[in-house]
Amino acid sequence: MTTTMRQTTLETLDLGTVRDIFANGAMPVTPDAAVDAVFGPTGERGALVISGANGIVGSGKAMQLGSRLQPYGVPIVALDLPSAPDGISKHYSGLVRAFGRDGADGIMQNIVRISYDGATLPTELDRYNPRFLLEAIPEILEIKKGHYDLFRGRYPEIEIRSVTSGFPSEQLGVGVAHPAFPHEINKIYEIVEQETSDVTRMLWALGLQPMRVSDNWSFVLDVLFCGVTLAGLRYHDASNMPFWKIDKHVRRLIGANPFRAHDAIGAKGADFLTWSCLHHLAENYGEVFRPTPMLDERKDTGLNWYPPNHFRPMVDWSLEAAANDELRTWLYGPMFQMTTLMLQEQRAHLAMMNLIGEQCAQFRSGTLAMMRAAGAEAVIATVERYHALHPDAAGAAWHPDTLAAIESAEWQQLYVNAEHDGTVGVVTIGREAYNHDVDAELNRAIDWLKAAAIERVILTGDFHLAGQLVGADTSNFFPALEDTDAGFAVSNDWSKTARRLNDEFVVSVGFINGKRCLGGMLELMSHCHYVVAVDDATLGFPEVTLPVVPGMEGCHWPFRRTDGAGHAKLMQMLLSGRFVGGEKAAGWLVDAVGIMDECLPLVWALATDGDHGIVRRPLEEGAVSGVPTEVPGLATGDPALEAARKAIVDCVQGSCAATLAEAVDVQSRHSADFMVTDACRRGRVGGEAKRTLDV
């Protein structure tokens, strides 16, 4: 029996727990079996039909699904009106960058373009045996329903999913697979269906991120993204601040640029979709969602929100304290209120709801994480202040009672979960970038396992929400650019959390199961007694390119677990920023690599002290000698890069010369001291801080 800290998100897809994956030594569904279930067996494959395939959504999904289904011989039929502009060909250059010219040609060759009149289906479709229709036609309900009738009349057994941006499945009469923008890149689909379907299992098996949501008007992403846009519009009405300036404040406080995003997507289409979502939400939930007159106008004119650059003042001005507090109320108030509505309706697993805000709406922290940090009383006070500014919003969509659950494990563990079977624990990370929240949740997860007397643990990505682990969330470094104490604290605190994996378990196994493990996440994994990686994973320390000094013991911990040859390779990685493939990292950075089917039983054998044949690499607790101070052949000439390399070499030398007990403070001081230098502040982290904080 598996005990979980909170429900795993895989369980919402009926895929079990992460512990089950390791214990069974296999994934719950394979791509081959999943594709067979949807499109038929090899040699008898039916087609995926994408209607509205030349639009932004349709063409993006043609690329994303086409690249994944092409190896399985599933034809992609791109169906659209003959007058529709060619939205597919513009993606070719992106395919070339991702797959090479031959790969891109193969994907495009597998896409069959067919025109139709919108009222009848061409007979040519029959030869492709359509098995699955992904509908991406305009947001007009009756047109959509008529479209489904066309396909069901010709192909009664066809699976249909709509990418609708607002209408519930109950209104449409079909299931929903609502994708996040950008459609060719973002892997998240909000799924509405009665029970987990073969289509959903296939999306997951192909490496996408289906997330079950409830069948309500609009979807989690649309409530959040349209909601923050509406909040900006209401503040514009109250202050007359220009939209580009509101965007700067929203970026500082929340992370998104809603008006710029509308222009980037295409204001005419994006404005209509935002208006449509808010209009239907207002009709169902009240005035907190009501579009403003400005949006009513823009959904018809399609004008860009940003003026031409030469009309936009390139100056910053800050708000006085009272005005800044009012701005925060206009922004946070409706976002918190709308989130309580989604909580009341149980729209999604809380970890998924929070992630959709971050990964899709581009919030720096999801609304649930923001509300958790503020506390229930502060959230209620913020919404009440908002109602004083906008009395019409104080209606049925405000559910403060939902905040009573803020101390629950579901809300406290948004990013990190833990499971155990009484002997082996599994800790899963469901956020791609490490931040203060992940650090706190990881500590709580370890505490929970220790309270259950668990002495063996596996640390891994969660097989659902995090397809890669890209390192530290550099926005957490912004205070350290001005304050060495802040830099020392983040390095020291995070390092001490990582050390718990080495110090507090009899056996700890880090499993790198995604396509990347970089920077702080790789440093975290390296603290486990064993590290296993899939052979196609990319590993690296990109800190020198930012530039920052690795702060989670990357400048000494990996050196303590390898020899002279490994030391040279580590210095090459640290000073160049270049990555290595998993297959080249065995023996000095990780302990074993293999395909997924090989890694899963190996990880379980390591965690259970089974037959694995791998000798644990020792950890040198004294000083480490013979570490090189330079790497030949590196490009020179960039002063910031040279400064970063010197700082990293100094950190490696200083922390390796110390004992293990002393090294955590030594490396934290080196990391903190470099962050306040001009070289760091003029780099990518400093530039991002300036763009975010300077208003």
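Our structure's up above, just so we're on the same page.
No experiment lies behind these values; they were computed from the predicted model shown. (Residues numbered from 1 in each chain as written. Predicted model: local features only at pLDDT ≥ 70, side-chain atom pairs only at ≥ 80, totals over all residues. Heavy atoms only, no water.)

Engineer: I would appreciate a short explanation of the overall build of the chain in the present structure.
Structural biologist: On a plain count of helices and strands, the chain comes out with 26 helices and 20 strands. Over its C-alpha atoms the chain spans a radius of gyration of 26 Å, differing by no more than 12% from the 26 Å that the globule rule assigns to 695 residues. Among the 695 residues that make up the chain, the fraction classed as buried is 59%. The long-range share in the chain, meaning contacts at least 24 apart out of those at least 6 apart in sequence, stands at 76%. (Helix = DSSP H or I, 4+ residues; strand = E, 2+ residues; numbered from the N terminus. Rg over C-alpha atoms; globule rule 2.2 N^0.38 Å. Buried < 20%, exposed > 50% of the residue type's maximum accessible area, 1.4 Å probe, protein only. Contact = heavy atoms within 4.5 Å.)

Engineer: Would you mind going over the sheet that holds strand S1 (residues 3-4) with me for this structure?
Structural biologist: The strands making up a sheet associate through backbone hydrogen bonding, with each pair oriented either parallel or antiparallel. Read across the sheet, seven strands follow the order S1-S10-S11-S13-S15-S17-S20 without closing on themselves; strand pairing throughout is mixed. Of all the strands in the sheet, just S1 and strand S20 (592-594) have a single pairing partner and so form its edges. Relative to the sheet, helix H22 (residues 596-608) contacts strand S11 (424-429), strand S13 (456-461), strand S15 (507-512), strand S17 (530-534) and S20, its axis offset from that of S15 by approximately 165 degrees. (Pairing = 2+ DSSP bridges. Axes fitted to C-alpha atoms, helices over the stretch in contact; angles between N-to-C directions.)

Engineer: Please explain the packing of aromatic side chains as it appears in this structure.
Structural biologist: Given two aromatic rings, one states the distance between the centres and the angle between the planes to describe the pair. Applying the stated criterion across every chain, the model contains 15 aromatic pairs. Here the aromatic rings of Phe167 and Trp217 are separated by 5.9 Å at their centres, their planes lie at 65 degrees, and the arrangement is edge-to-face. Of the two residues, Phe167 sits in the loop between strand S6 (159-162) and helix H6 (169-172) while Trp217 sits in the loop between strand S9 (209-212) and helix H8 (220-239), which places them 50 residues apart along the sequence. When the centroid spacing of 6.1 Å and the interplanar angle of 55 degrees are considered together, the rings of Tyr285 and Phe289 count as tilted. Of the two residues, Tyr285 and Phe289, both sit in the buried class. Over the face of the ring belonging to Trp275 we find Lys299, whose NZ or CZ atom lies 4.4 Å from the ring centre. If you follow Lys450 out to its NZ or CZ, it ends over the ring of Phe505, 5.2 Å from the centre. (Phe/Tyr/Trp six-rings, centres within 6.5 Å; stacked < 30°, edge-to-face > 60°. Lys NZ or Arg CZ within 6 Å of the ring centre and 35° of its normal.)

Engineer: Honestly, the nonpolar core in this entry has me stumped. Any pointers?
Structural biologist: Proteins that are soluble and globular tend to have nonpolar side chains buried together. Ranked by internal contacts, the top residues of the largest apolar core, which has 226 residues, are Phe22, Leu69, Phe289, Leu539 and Leu589. Among the elements that line this core, the one with the most residues is H8, at 11 residues. When sequence neighbours within four positions are dropped, the list of residues in contact with Phe289 reads Val223, Leu230, Leu278, Leu281, Ala282, Met338, Leu341 and Ala397. (Core = buried A, V, L, I, M, F, W, Y, C linked by side-chain atoms within 4.5 Å.)

Engineer: I keep staring at unusual backbone geometry and nothing clicks. Help me out?
Structural biologist: The phi angle of most residues is negative, glycine excepted, and most peptide bonds adopt the trans form. The residue after Leu546, namely Pro547, is reached through a cis peptide bond having omega -15 degrees. Within the element layout of this structure, Pro547 appears in the loop between strand S18 (538-540) and helix H21 (564-576). Despite not being glycine, Asp14 has its phi angle at roughly 60 degrees, a positive value. Tracing the chain through its elements places Asp14 in the loop between S1 and helix H1 (18-24). One non-glycine residue, Ala453, lies in positive phi territory at about 60 degrees. If you trace the backbone, Ala453 turns up in the loop between helix H18 (436-451) and S13. Residue Ala453 is classed as exposed on the basis of its relative accessible area of 57%.

Engineer: Explain the state of the cysteines here, please?
Structural biologist: In protein chemistry, a disulfide is the covalent bond that joins the sulfur atoms of two cysteines. Counted by the stated rule, this structure contains zero disulfides. The closest cysteine sulfur to the non-disulfide-bonded Cys517 is located on Cys528, 10 Å from its own sulfur. No disulfide involves Cys599; its sulfur sits 13 Å from that of Cys517, the nearest cysteine. The buried category is assigned to Cys599, whose relative accessible area is 1%. (Disulfide = S-S within 2.5 Å.)

Engineer: I'm lost on the environment of Gly232 in this one. Help?
Structural biologist: Checked against the element boundaries, Gly232 lands in helix H8. For Gly232, a relative accessible area of 0% puts it in the buried group. With 229 residues separating them along the chain, Gly232 and Gly461 place their C-alpha atoms 35 Å apart. Each residue touching Gly232, except ones within four places of it in the same chain, is listed here: Ile246, Phe259 and Leu331.

Engineer: What should I look at first to understand the pattern of salt bridges in this one?
Structural biologist: The full count for this structure, using the stated rule, is 31 salt bridges. The salt bridge partner of Glu139 is Lys144, with a shortest N-O separation of 3.2 Å. Here the two residues Glu139 and Lys144 agree in accessibility, since each one is buried. Linking Arg347 and Glu345 is a salt bridge whose minimum nitrogen-to-oxygen distance equals 2.6 Å. Residue Arg347 shares its accessibility class with Glu345, and that shared class is buried. (Salt bridge = Lys/Arg side-chain N within 4 Å of Asp/Glu carboxyl O.)

Engineer: Can you help me understand the packing of helix H9 (residues 243-253) against helix H10 (residues 258-265) in this one?
Structural biologist: Helices that pack against each other are described as a pair by the angle of their axes relative to one another and the distance between those axes. Relative orientation of the contacting elements H9 and H10 amounts to 115 degrees, with a least axis distance of 7 Å. In this structure, H9 contributes Phe243, Ile246, Asp247 and Val250 to the contact, and H10 contributes Pro258, Phe259 and Arg260. Split into classes, the residues belonging to the contact of H9 with H10 amount to five nonpolar, no polar and two charged. (Nonpolar A, V, L, I, M, F, W, Y, C, P; charged D, E, K, R; others polar.)

Engineer: I tried to follow the environment of Ala98 on my own but got confused; where do I start?
Structural biologist: For Ala98, the location among the structural elements is in helix H4 (residues 92-109). Placed 31 residues apart in sequence, Ala98 and Ser67 show a C-alpha to C-alpha distance of 10.0 Å.

Engineer: What exactly am I supposed to notice about helix H23 (residues 639-657) here?
Structural biologist: Given 3.6 residues per turn, any residue in an α-helix points the same way as the ones three and four places further on. Helix length check: H23 (19 residues) gives 27 Å between terminal C-alpha atoms against 27 Å at 1.5 Å per residue, within 8%. Looking at the buried positions of H23, the neighbouring elements they touch are H21 and helix H24 (660-675). (Expected span 1.5 Å × (residues − 1).)

Engineer: Just checking my understanding: could you explain the sheet that holds strand S4 (residues 111-115) for this structure?
Structural biologist: Strand order in this open sheet of eight strands is S4-S3-S2-S5-S6-S7-S8-S9, and the pairing throughout is mixed. The open sheet has two free edges, formed respectively by S4 and S9, since each of these has just one partner strand. Adjacent strand axes in the sheet meet at a mean angle of 25 degrees when their direction is disregarded. Against the sheet, helix H5 (residues 141-154) contacts strand S2 (47-51), strand S3 (76-80), strand S5 (130-135) and S6, and its axis sits at roughly 175 degrees relative to S5.

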